[in-house]
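Coordinate analysis (summary)
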Amino acid sequence: MSNEAQAVHIDDYKFGFHYPDNSVFKTRKGLDEDVVKAISSHKQEPDWMLQYRLQALKVFREKQMPNWGGDLSDIDFDEIYYYAKPSEEQSRTWDDVPDDIKTTFDRIGIPEAERKYLAGVGAQYDSEMVYHNIQESVAKLGVLFTDPETAVREHPEIVKKYFGTVIPYSDNKFAALNSAVWSGGSFVYIPPGVKVEVPLQAYFRINSENFGQFERTLIIADEGSFVHYVEGCTAPVYATDSLHSAVVEIIALPGSRVRYTTIQNWSSDVYNLVTKRAFAYENATVEWVDGNIGSKRTMKYPSIWLMGEGAHGEVLSIAFAGKGQEQDTGGKAVHCASNTSSVITSKSISKDGGTSSYRGQIKIEPDLHDVKSHVVCDALLIDEHSISNTYPYMDIQSDDVSMEHEARVSKISEEQLFYLMSRGMDEAEASMTIVNGFLDPLVKQLPMEYAVELNRLIELEMEGSVG
Amino acid sequence: MEIKIEGLEAKIGDTPILRGVDLTMNSGEVHALMGPNGSGKSTLSNVVFGHPSYEVTGGRVLVDGEDILEMEPHERARLGLFLAFQYPVEISGVTVGRFLRRAVEIRFEGQKEVRTKGFLKDLREAMDFMEIDQQFINRYLNEGFSGGEKKRMEILQMLMLQPQFSILDETDSGLDIDALAVVARGVNKMREHDFGALIITHYQRILDHIKPDFVHIMYQGRIVTSGGGEIVTELEKRGYDWVRAQYGQEEEVHE
């Protein structure tokens, strides 16, 4: 029961504000080869990247829309702006960031968070990272944390080796789209044995209307290293829809550990269609903590491919679907080696007619032994007209496998509300208390700052949901 | 505090359960409410607290002259009323410590500084008094508790919240002799201050530990007789059949 709940009283989405579109360059609406070329030329890219983009565009056109998951039929690819460059240059200090943009991030609280508890911050506004900085002490260890454009220019050998290897553009329509028009995102390289104790964070902000944001993130954790990467996202509320379609690739080399935390709080007019996948080699651990609070429709299933013996993967998925929202989320583990384990834990909350669906897959390749997988999905329904679905897929081709799956759906009961109210809590606080309790075992695993942030967002979502 | 129940009628669905309850109680007094199963005792406690499943069809419940029937349950609680539940529900993920801290904060709002400062110390003392292991501070509320542990937890909450008037809904049921003595000790401790209680029970044994000032018998949705401790003795001797024979009414025939 936090006092924060008492202090915050805002009925609407807090980050729905926007500033005038002051882009210094913007491609026209719609997508074709010229648009892709314009993006590439603005980035002064080497030809191999342009060719990669054009190939991806071809595949994007050929690929069908997914015929499962959320309804995407309202997306009009011709009505979207695919690239908007917010400022001439990327800055290393907040003072150099243009005023509107700096004010935006101040309102979201990024500079403050950076001062308090981050090792490095990247802030993306529409298509470009407008700010990127890493603590000197961390940079000295050889840690690379930049936007991927810089990485293409300065570290082409690493980029060429890994870019698109975990998620090729042929993977799905939206991965192809991202590969064609990607812009911004993060490139992270952690040298062998280096443990970055405090998180690196990237923050993604859409400002323009009818806009598509397509950041690209590539994280390589070399042998025995550790990194915790965090991303947050918000957007203004407009009458029309925007699209966010990112690709995130993680390569966890032997003995490394990567934790990737997302707190997604897009406004209710953003389609959020993201492909996230990690390769975990021998004795590596990858953890996805995926909090989906906002957006109109999210389809996102962070995946881990367990490539080497001793690899371990975890997905913690938290989804909140309110009015008009559909959260189609979950996780995926593909066991390609013996002695590997995976845990997928999903907690979803649906209220005011929102739909949350857990969609997950466990795949175990043939001829493996000592493979363990555990899946738990818990859903909480706040009212009668909200929906929860569970779609677990399993493809088990080995015998020596321990596989557990649990799924539960519960509803906030009148008896629980009455009990808490008889102790003096009003109805809103009583339901919040039950929701917080439902999430508690999961939220406890987050670092303090993110646990507080997540609780605060859910409290905001819950306000006005009762009575 | 004066609680005055006047002609209270209530139903659940289409079934009338309370058919005109009259009962006046004051803090400083302990009342016992007895009666056979299905006579409406638990309904009375739920209706006084505003349980949403019941519809009040007549009468009033006045607390110090103010009708509380339009109030939300939490507003009633904030007047200084407390209900010890017959079946306390589990609240997963909410620890006893966190829950009680918040409940105490609400109860003593305004004088918060004074009351929450020593919260943990108070809680530990009260737990010792109720013979509840300190580990329970970090347990999720009522989750996996035995029947007896749940009942003790209700009384612990009462001790922490210091209500002026409590309704104890069959707190004694399912308790062994030792647990009963501990629960009774908790209630008796409350009597050191200006405190009143309505003890709902089937059995005499809790009343051996908590001496009631008044005893009421409920039957078919009404208080059919009231008196002192002698009624309990009478009941023990003659059983509820005596009540049925003396006060039973033919069910009204509905056309």
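Residues numbered from 1 in each chain as written. Chains lettered and ligands numbered in written order. Predicted model: local features only at pLDDT ≥ 70, side-chain atom pairs only at ≥ 80, totals over all residues.

Here we come to the overall build of chain A. What chain A contains, in helices and strands, is 12 helices and 24 strands. Its C-alpha atoms give chain A a radius of gyration of 21 Å, near enough to 23 Å, the size a compact globule of 467 residues would have. By its C-alpha atoms, chain A is 65 × 60 × 45 Å across when sized along the principal axes. Burial analysis of chain A (467 residues in total) assigns 55% to the buried set. In chain A, 83% of the contacts between residues at least 6 apart in sequence involve partners at least 24 apart. (Helix = DSSP H or I, 4+ residues; strand = E, 2+ residues; numbered from the N terminus. Rg over C-alpha atoms; globule rule 2.2 N^0.38 Å. Buried ≥ 20, exposed ≤ 12 C-beta atoms within 10 Å, placed from the backbone. Contact = placed C-beta atoms within 7 Å.)

Our next topic: the domain arrangement of chain A. Residue and element names in this part refer to chain A. As far as domains go, chain A holds domain 1 (22-413) and domain 2 (414-467). Between domain 1 and domain 2, the contact holds 21 residues from the first and 20 residues from the second. Those elements that place two or more of their residues in the side of domain 1 that touches domain 2 are β13 (257-264), β15 (285-292), β18 (312-321) and β20 (341-350). Looking at the side of domain 1 that touches domain 2, its residues break down into 12 nonpolar, six polar and three charged. (Domains from an automatic or database assignment. Nonpolar A, V, L, I, M, F, W, Y, C, P; charged D, E, K, R; others polar.)

Residues and elements named next belong to chain A. Running from N to C, helix α10 (residues 414-421) and helix α11 (residues 427-443) cross one another at 120 degrees; their axes reach a closest spacing of 9 Å. Here α10 is positioned oblique relative to α11, judged by the angle of their axes. With respect to the hand of their crossing, α10 and α11 are arranged in right-handed fashion. Across the interface between the two elements, Gln416, Leu417, Leu420 and Met421 of α10 pack against Glu427, Ala430, Ser431, Thr433 and Ile434 of α11. (Axes fitted to C-alpha atoms, helices over the stretch in contact; angles between N-to-C directions. Parallel < 35°, antiparallel > 145°, perpendicular 65-115°, else oblique. Left-handed = near helix turned anticlockwise from the far one by under 90°.)

Here we take up the sheet that holds strand β1 (residues 2-12) of chain B. All names here are of chain B. If you walk across this open sheet you meet the four strands as β2-β1-β4-β5, and the pairing is antiparallel. In the strand order of this sheet, the two ends are held by β2 (15-26) and β5 (66-67), each with one partner. Bridge count for strand β4 (residues 55-63) against β5 is two bridges, and the pairing is antiparallel. Counted as the bridge partner of Val63 is Glu66 from β5. Contacts from helix α1 (residues 41-49) reach β1, β2 and β4, with the element oriented near 75 degrees to β2. (Pairing = 2+ DSSP bridges.)

Further remarks concern the sheet that holds strand β24 (residues 401-411) of chain A. Residues and elements named next belong to chain A. The 10 strands are arranged β4-β3-β7-β10-β13-β15-β18-β20-β22-β24 in an open sheet whose pairing can be described as mixed. A strand with exactly one partner marks an edge of an open sheet, and here the two such strands are β4 (128-134) and β24. Between one strand axis and the next, the sheet turns through 10 degrees on average, direction left out of account. The pairing of strand β3 (residues 120-125) with β4 spans six bridges and is antiparallel. Note that in β4 the partner of Val121 across the bridge is Asn133. Each of β3, β4, β7 (200-205) and β10 (226-234) touches helix α4 (residues 99-108); the most contacted strand, β7, lies at about 115 degrees to it.

Moving on, we come to the interface of chain B and chain A. Listed by partner, the interface residues are 24 residues for chain B and 21 residues for chain A. When contributions to the side of chain B that touches chain A are tallied by element, the ones reaching two or more residues are α2 (73-78) and α3 (96-107) of chain B. Sorting elements by how many residues they give to the side of chain B that touches chain A places α3 of chain B first, with six residues. Considered class by class, the residues forming the side of chain B that touches chain A number 13 nonpolar, six polar and five charged.

What follows concerns the pairing of strand β9 (residues 214-219) of chain B. Residues and elements named next belong to chain B. With five of six residues buried, β9 is to be regarded as a mostly interior element. Across four bridges, strand β3 (residues 30-34) lies against β9 in parallel orientation. Looking at β9, one finds that Ala32 is bridged to Val215. Of the strand pairs in this sheet, β9 and strand β10 (residues 222-227) are connected by five bridges, and their pairing is antiparallel. By the bridge assignment, Tyr219 is partnered in β10 with Arg222. Two successive antiparallel strands, β9 and β10, enclose a turn made up of two residues, where Gln220 displays a positive phi of approximately 50 degrees.

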